[in-house]
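Below, each chain spelled out in residue letters.
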Amino acid sequence: MRVLLVGSGAREHALAWRFAQSVRLSELHAAPGNPGIARLGQCHPVRADDPDGLLALAVTLSTDLVVIGPEAPLVAGVADELRHAGIAVFGPGAAAARIEGSKLFAKEVLEAAGVATAASLPLARPPCVIKADGLAAGKGVFVCTTGEEVDDALLKATGFGGPVLIEELLHGPEVSLFALCDGRRAVALGAAQDFKRAGDGDEGPNTGGMGAYSPVPWLDAPEELVEQIHQPVLDELARRGAPFVGCLFAGLMLTEDGPRVLEFNARLGDPETQVLVPRLEGDLLEALDAAATGRAHEPLRQGTDAAVTVVLTGPDYPERSDYAGAPIEGIADAEAAGAIVFQGGTAMRDGRLVTNGGRILSITALAPELELARGRAYEAVEQVRFEGVRYRRDIAAVAGG
Ligand code: AMP
Ligand code: GLY
């Protein structure tokens, strides 16, 4: 199978790493990819948000399957363009990707599907959560407990230009639950917990994710949750003529009254993928191809090892995601320590690997126990050096949230 992988983050590196182990793979291409992916396949200088460029590349390469990692191309309809050209795509079309692209649409679908979510409130009064409707790269959600925070949040949320949602403030641990979908069937892929805040002890601003672990020991029966949450949403989307093909990612809060959906994403999580993928047994590429061609069947088996990933960022992340040019050392040492180093914001300059982004690397380790995997991951993290490196010291220290 000739595969084109769209994206350039550590999530896409983890997918590429796994695809490279598949007997089904004949050629791996990436657009635009990164230096880590370039060790496994051929990278092409086409941006993830360039539909014409991606279509031309996929046709030129006689691609059998396109796998789209990030949300922006999905919401922009890149998958539709490729499908119209007869190319199999793992990733939803624009109509189904609205489940991530519009929080109002997601709420409407959830209500129609009878899936529990945070109640909408008519007025912004503390405590509440204020959300900008559209894609905001994790920066459009404001948890408010005082009147001052409400005023500030309304100003910021309306600043995104679209509608604003007001929700009840829920409490409980959060979990990311993933399912592979072929438009009709949702098949559980696994669960992970992500650490969203920038600082230790969940302090500081929200980020795209500073680390993750999987499995989630306190989450009972994730497969049943997929039947109760993902499947009805998939049915509702299909009923509306917007079948969802790809990975449906539910952000859940486990409240005292049961699980509640906080949000849906139309893709795999980053950094959750960096712990989900190394734990899977069986052929992930085959499973994504099956979902892309209407044949999703039983779930891939999960290994018994636990996985922990720690994200290494530039000094000013998340305020800035453009930390470029600092040489990166020690990846081979981290790998020798038994870890897998997934590259995100990296580049080659004059033959050297340098930083080029916000989330630079994602370092994953596996072990029979979560605590052991955590120790291994941090041992490897200490082998890697670049100027200004930052990471959380407490990823997976408390597996509970
Ligand atoms: P979202 O992008 O909707 O997942 O929101 C980002 C983060 O905001 C979530 O991971 C939660 O920590 C928090 N959040 C969102 N909605 C709520 C809610 N209704 N109650 C409490 N926290 C929330
Ligand atoms: N880690 C959360 C996300 O990918 O949106």
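Check the entry above for the structure.
Rules behind the numbers
Residues numbered from 1 in each chain as written. Chains lettered and ligands numbered in written order. Predicted model: local features only at pLDDT ≥ 70, side-chain atom pairs only at ≥ 80, totals over all residues. Heavy atoms only, no water. Pairing = 2+ DSSP bridges. Helix = DSSP H or I, 4+ residues; strand = E, 2+ residues; numbered from the N terminus. Axes fitted to C-alpha atoms, helices over the stretch in contact; angles between N-to-C directions. Contact = heavy atoms within 4.5 Å. Phe/Tyr/Trp six-rings, centres within 6.5 Å; stacked < 30°, edge-to-face > 60°. Buried < 20%, exposed > 50% of the residue type's maximum accessible area, 1.4 Å probe, protein only. Lys NZ or Arg CZ within 6 Å of the ring centre and 35° of its normal. Near = heavy atom within 4 Å. Polar contact = N/O pair within 3.5 Å; in protein donor to acceptor, adjacent residues only side chain to side chain. Areas by Shrake-Rupley, 256 points an atom, 1.4 Å probe, with all protein chains shown as cover. Nonpolar A, V, L, I, M, F, W, Y, C, P; charged D, E, K, R; others polar. Core = buried A, V, L, I, M, F, W, Y, C linked by side-chain atoms within 4.5 Å. Domains from an automatic or database assignment.

Enquirer: For this particular structure, what's the right way to read the sheet that holds strand 18 (residues 340–343)?
Expert: Each strand in a sheet pairs with its neighbour through backbone hydrogen bonds, running either in the same direction (parallel) or in the opposite one (antiparallel). Strands sit in the order 15-14-9-10-13-16-21-18 across an open sheet of eight strands; the sheet is antiparallel. Of all the strands in the sheet, the pair left with one neighbour each is strand 15 (258–265) and strand 18. Averaged over neighbouring strand pairs, the angle between their axes works out to 25° when direction is ignored. As defined by bridge partners, strand 10 (residues 186–194) adjoins strand 13 (residues 211–214) across two bridges and the pair is classed as antiparallel. Note that in strand 13 the partner of Asp-194 across the bridge is Ala-212. Along the sheet, helix 1 (residues 10–19) contacts strand 18 and strand 21 (359–367); its crossing angle with strand 18, the most-contacted strand, is approximately 125°. Sitting on the sheet, helix 12 (residues 284–292) is in contact with strand 9 (174–182), strand 10 and strand 14 (245–255), with an inclination near 65° to strand 9.

Enquirer: Could you clarify how one ought to interpret the packing of aromatic side chains in this entry?
Expert: Both the distance between ring centres and the angle between the ring planes are used here to describe each pair of aromatic rings. Going through the model one piece at a time under the given rule, you end up with four aromatic pairs. Seen from their ring centres, Phe-178 and Phe-249 are 4.5 Å apart, and the 45° between their planes marks the pair as tilted. Here the residue Phe-178 occupies a position in strand 9, and Phe-249 occupies one in strand 14, the gap between them amounting to 71 residues. Both residues of the pair, Phe-178 and Phe-249, belong to the buried class. With centroids separated by 6.3 Å and ring planes inclined at 45°, the aromatic side chains of Tyr-378 and Tyr-391 adopt a geometry described as tilted. Of the two residues, Tyr-378 sits in helix 14 (residues 370–381) while Tyr-391 sits in the segment after helix 14, which places them 13 residues apart along the sequence. Assessed through its relative accessible area of 16%, Tyr-391 is described here as buried. In this structure, Arg-393 is placed above the aromatic ring of Tyr-391, and the distance from its NZ or CZ to the ring centre is 4.2 Å.

Enquirer: I would appreciate a short explanation of the site of ligand 2 in the present structure.
Expert: Within the structure, ligand 2 sits among Asp-194, Gly-208, Phe-249, Asn-265, Arg-267, Gly-269, Asp-270, Pro-271 and Glu-272. One of the side-chain N or O atoms of Asp-194 is found 2.9 Å from a nitrogen atom in ligand 2. Between ligand 2 and the protein, one listed contact pairs a nitrogen atom with a side-chain N or O atom of Glu-272 at 2.8 Å. Compared with its free state, where it exposes 200 Å², ligand 2 has 88% of that area covered by protein. Residues that form the shell around ligand 2 fall into these classes: two nonpolar, three polar and four charged.

Enquirer: When you look at the nonpolar core in this model, what are you seeing that I'm missing?
Expert: Where a protein is soluble and globular, its nonpolar side chains tend to be buried together. Judged by nonpolar contacts, the single largest core of 80 residues is most densely connected at Ile-68, Ile-99, Val-233, Phe-244, Phe-264 and Leu-312. Tallying contributions element by element places helix 14 first for this core, with six residues. Lining this core are residues from two domains, each supplying at least three of them: domain 1 (2–96) and domain 3 (306–381). When near neighbours in sequence (up to four residues on either side) are disregarded, Val-233 contacts Ile-99, Val-109, Leu-110, Ala-113, Val-115, Leu-248 and Phe-264.

Enquirer: Sorry, what's going on with the site of ligand 1 here?
Expert: As a structural note, the neighbourhood of ligand 1 is formed by 14 residues, with Glu-167, Glu-168, Leu-170, Glu-174 and Glu-263 the closest of them. Between Lys-131 and ligand 1, the recorded distance is 3.0 Å, taken from a side-chain N or O atom to an oxygen atom. In isolation ligand 1 offers 470 Å² of accessible surface; the protein chains occlude 89% of this area. Elements supplying a minimum of two residues to the shell around ligand 1: strand 6 (128–132) and strand 15. Across the shell around ligand 1, the residue classes tally to seven nonpolar, no polar and seven charged.

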